[in-house]
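# Reading the structure
Spelled out from the first residue to the last, the chains are:
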Amino acid sequence: MFVFRYTDPVSVKENAKSDYDITPYVIKATWSGDESQAARKLEFSIAYNTPANDITFIPLIMLTGGRITMSERDELTLKETKLFEGVIFYRKRDTSGFTFEFTAYDQMIYLAKSTMQKNFKNVTVLDAFKAVCAEVGIPVASQLPDIQTKVNFIADNKSGTEILQMLFGYARADTGKDYIAISINGQISIVEKGTMLDGYVASNYTNVISTEHSESIEDMVNKVKAVDDDGTVCQIFSADNDISNYGTLQKIYKMQPQKQGESVDNVKAAKDEIQGTKEESSLNGLGNVQCITGYSIMVQEEQLKGKFYIKSDTHTLENNQHTMNLSLEYLPDNQEESKITMQNIATPVFHSSGEGTRTSGNGSMNVSAGLQSGAKSWVGITMAHGSEGCVEAAGKIGSYYSPFLAKESKAGVAGVSRLVSDASKSGIGVVSYNRQNLVQGDVIVYGNNDHVVIYDGKGGYYGNSSSQNKVVHGSDYLSMGGLKPTKIIKTSGG
């Protein structure tokens, strides 16, 4: 059994209702959530009439700003488990009927509707999360995942929800885990996206009424051409398997210049335009209050079998019946990522504000002065190749003192193996890593041609940070996320 209670806003002083049981008035309720929306929603209608129409009817008056809770009551122990706590944001009455309709949202709505200005400097994602919630006075749960990913960025006029998405994006890049924020018992908690519900299986033999599944390539995009301000094609991204199977379905992406205080990852943005086969699954079944957006369930049904992520859920409570409709995404045991190939054609040119106002050098300065000029121009800037822009960053910064790096930068070279090969062909020394061989202005190569930075001569480096998505001046070239230096390109001498 579900129990609904109402509490008046604090502005009501006389005969104010507090945790008033309105269950007998409730005709129908819909409790829902969607991964594209921040807050869970409770829509419900109550029986309503006026004394003028029915003198025996006692009308229930509920106000916007009032608090609503919905709980599930155990029929044997009478213990109540709170499922929803929120505030009435909307109410409507049509005089042609005998109902009053209400819409309430949980506390996540305050994050969605509040914009903030936050400057995070070397703080953990967990501490930043708590600071965002505190901004609008929302309590957080006591038990939270210990997300120690460090972040450094400015959230300029962003909603609380947008900031949390940014924070969880950094955590995902660092840990590989995807998190979402949900409201539980009036407190904001963090759960790992796709957490499996133990002990529940959706089956056509017990609790599934019907399912639907569809596949479509109507919205497929399998080739993206990234163009600059001159309309020059600078990069091409291709999902080759889909092109072979379905033919070319192409889209143009207009590359964006860097803007003050903002990061622009053109590679990621262009790749995000690639869309594969669209599959949609849904399940209609007997209600289970655990089946809410963000979690995963096991399904054993005629056409849906395996683990499925709940993208949205709608629970309907009417006539003492609880049913639910779930929008699902299949999660295979061995997730295969779509392989997207990237072809670099030309260095982008921008005529608007941003990167276009920044120039590269011609290799004519000495190493010390060249490094200073290169750092002044490019530190803090996101490369056109985004998180994969380590060679681009080395080329732009090193172009001020190294003719070789200036040439590579102008040619738009973006691969580490290509850089190493070109250096050898150009007579630039490529030697095995040895600390004694490293001097200011040299390019350090890590792993099996996995990453490069420029040595600053003081134990640090200049290079592209994939986690921060911008060029940085790091203090320790040996701290490179587990990568070890393997080679040195002697660009200090040319």
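Not measured: the values here are computed from a predicted model.

Calculation notes
Residues numbered from 1 in each chain as written. Predicted model: local features only at pLDDT ≥ 70, side-chain atom pairs only at ≥ 80, totals over all residues. Heavy atoms only, no water. Helix = DSSP H or I, 4+ residues; strand = E, 2+ residues; numbered from the N terminus. Contact = heavy atoms within 4.5 Å. Areas by Shrake-Rupley, 256 points an atom, 1.4 Å probe, with all protein chains shown as cover. Lys, Arg positive; Asp, Glu negative; His and termini not counted. Charge placed at Lys NZ, Arg CZ, Asp CG, Glu CD. Polar contact = N/O pair within 3.5 Å; in protein donor to acceptor, adjacent residues only side chain to side chain. pLDDT = per-residue confidence, 0-100. 1 Å grid on protein atoms, 1.4 Å probe; cavity = no way out; pocket = protein on both sides within 12 Å on 5 of 7 lines; lining within 4 Å. Points joined across faces, edges and corners; volume = space filled by probe spheres on them. Nonpolar A, V, L, I, M, F, W, Y, C, P; charged D, E, K, R; others polar. Axes fitted to C-alpha atoms, helices over the stretch in contact; angles between N-to-C directions. Parallel < 35°, antiparallel > 145°, perpendicular 65-115°, else oblique. Pairing = 2+ DSSP bridges. Buried < 20%, exposed > 50% of the residue type's maximum accessible area, 1.4 Å probe, protein only. Patch = residues over 30% accessible without salt bridge, like charges linked within 9 Å, V, L, I, M, F, W, Y side chains within 5 Å. Salt bridge = Lys/Arg side-chain N within 4 Å of Asp/Glu carboxyl O. Arc of directions from axis to C-beta.

## Section: the overall build of the protein
From N to C terminus, the protein includes nine helices and 27 strands. Principal axes of the C-alpha set define a box for the protein whose edges measure 95 × 55 × 45 Å. The long-range fraction of contacts in the protein, counting pairs at least 24 apart against all pairs at least 6 apart in sequence, stands at 64%. As displayed, the protein offers around 25,000 Å² of accessible surface, 45% of which is attributable to carbon and sulfur atoms. Each charge class in the protein was averaged separately, 47 positive and 57 negative side chains, and the resulting centres sit 8 Å apart.

## So, the side chain of Ser-114
With respect to the helices, strands and loops of the structure, Ser-114 is situated in the loop between helix H1 (108–112) and strand E8 (115–124). In terms of polar contacts, Ser-114 uses its side chain to reach the backbone carbonyl oxygen of Tyr-110, at 2.6 Å. Look past the residues within four positions of Ser-114 in its chain and what remains in contact with it is Val-136, Lys-158, Ser-159 and Gly-160.

## Looking at the confidence of the model for the protein
Averaged over all residues, the pLDDT of the protein equals 90, while 96% of them reach at least 70. Overall, residues 353–357 carries pLDDT values under 50, and its contacts beyond four positions in sequence, including any with other chains, amount to 14 contacts.

## Examining the layout of surface pockets
Size it by volume and the second largest pocket reaches roughly 360 Å³. As for the second largest pocket, its lining consists of 16 residues, and the residues nearest its centre are Tyr-461, Ser-465, Ser-467, Ser-479 and Met-480. Listing elements by their share of the lining of the second largest pocket, those giving two or more residues are strand E25 (461–465) and strand E26 (470–474). The residue makeup of the lining of the second largest pocket, split by class, is four nonpolar, 11 polar and one charged.

## Looking at the packing of helix H2 (residues 125–135) against helix H3 (residues 160–175)
For the pair H2 and H3, the least separation of the axes is 10 Å and the interaxial angle reads 175°. Looking at the two axes, H2 sits roughly antiparallel to H3. The residues of H3 that touch H2, namely those facing Val-125, Ala-128, Phe-129 and Val-132, are Gly-160, Ile-163, Leu-164, Leu-167, Phe-168 and Ala-171. Split into classes, the residues belonging to the contact of H2 with H3 amount to nine nonpolar, one polar and no charged.

## Brief notes about the pairing of strand E3 (residues 26–34)
Strand direction decides the pairing type here: E3 and strand E4 (residues 41–47), joined by six bridges, are antiparallel. Paired with Thr-30 across the strands is Glu-43, a residue of E4. Between E3 and E4, which follow one another and run antiparallel, lie six residues. By the bridge criterion, seven bridges tie E3 to strand E19 (residues 305–318) in an arrangement that is antiparallel. Within the sheet, the bridge partner assigned to Thr-30 lies in E19 and is Thr-316.

## Focus: the sheet that holds strand E14 (residues 223–227)
Consider a sheet: its strands pair through backbone hydrogen bonds, and that pairing is either parallel or antiparallel. Spatially, four strands are ordered E16-E14-E15-E21 in an open sheet, and the strand pairing comes out mixed. This sheet does not close on itself; its edge strands, each paired only once, are strand E16 (250–254) and strand E21 (341–344). Averaged over all neighbouring strand pairs, the angle between strand axes comes to 20°, with direction disregarded. Pairing geometry for strand E15 (residues 233–238) and E21, over four bridges, is antiparallel. By the bridge assignment for E21, Phe-237 is matched with Met-342.

## Re the sheet that holds strand E23 (residues 443–446)
Pairing in this open sheet of six strands is antiparallel, and the strands run E22-E27-E23-E24-E25-E26 from one edge to the other. Looking along the sheet, the strands with just one partner apiece sit at the ends: strand E22 (430–432) and E26. Each strand of the sheet is rotated relative to its neighbour by a mean of 30°, with strand direction disregarded. In the packing of helix H9 (residues 416–425) onto the sheet, the strands contacted are E22, E23, strand E24 (451–455) and strand E27 (485–489), and the crossing angle to E27 comes to about 45°.

## Some thoughts on the pairing of E24
Of all five residues that make up E24, five are buried, and the element is covered over most of its length. Two strands pair when backbone bridges link them, and E23 and E24 are joined in this way by four bridges, in the antiparallel orientation. Bridging from a neighbouring strand, Val-445 pairs with Val-452 of E24. A loop of four residues connects E23 with E24, the two strands running antiparallel in sequence, and Gly-447 in this loop sits at a positive phi of about 60°.

## Quick notes on empty space enclosed by the protein
Counting across every chain of the model gives two cavities of 30 Å³ or more. The computed volume of the largest cavity comes to approximately 90 Å³. Around the largest cavity, the lining residues are Thr-347, Pro-348, His-385, Val-391, Glu-392, Gly-395, Lys-396, Glu-408, Ser-409, Gly-412 and Val-413. Among the elements that take part in the lining of the largest cavity, helix H7 (residues 390–398) stands out by supplying four residues, more than any other. Split by residue class, the lining of the largest cavity holds three nonpolar, five polar and three charged. Of the voids in this model, the second largest cavity is the one considered here, and its volume is about 50 Å³. What lines the second largest cavity is Trp-31, Arg-40, Leu-83, Phe-84, Glu-85, Asp-106, Ser-183, Ile-184, Asn-185 and Gly-186.

## Describing a nonpolar patch on the surface
On the surface, Phe-89, Tyr-90 and Tyr-110 cluster together into a nonpolar patch covering about 270 Å² of accessible area. Mapped onto the elements of the fold, Phe-89 is located in strand E6 (residues 80–93).

## Structural notes on the pattern of salt bridges
In the structure shown here, the tally under the stated rule is 18 salt bridges. One connected set of salt bridges, linked through shared partners, spans Asp-19, Arg-67, Lys-82 and Glu-85.

## Some points on H2
Residue pairs three or four apart in sequence face the same way in an α-helix, which turns once every 3.6 residues. Within the span of H2, buried status applies to Val-125, Leu-126, Ala-128, Phe-129, Val-132 and Cys-133. Buried positions in H2, seen along its axis, are confined to an arc of 165° and lie on one side of it. After H2 finishes, the residue Gly-137 shows a positive phi value of roughly 70°.

## Structural notes on the side chain of Glu-85
With respect to the helices and strands, Glu-85 occurs in strand E6. In this structure Glu-85 comes out as buried when scored by relative accessible area, which is 18%. With sequence-adjacent residues up to four places away left out, Glu-85 is seen in contact with Arg-67, Ile-68, Thr-69, Asp-106, Gln-107, Asn-185 and Gly-186.

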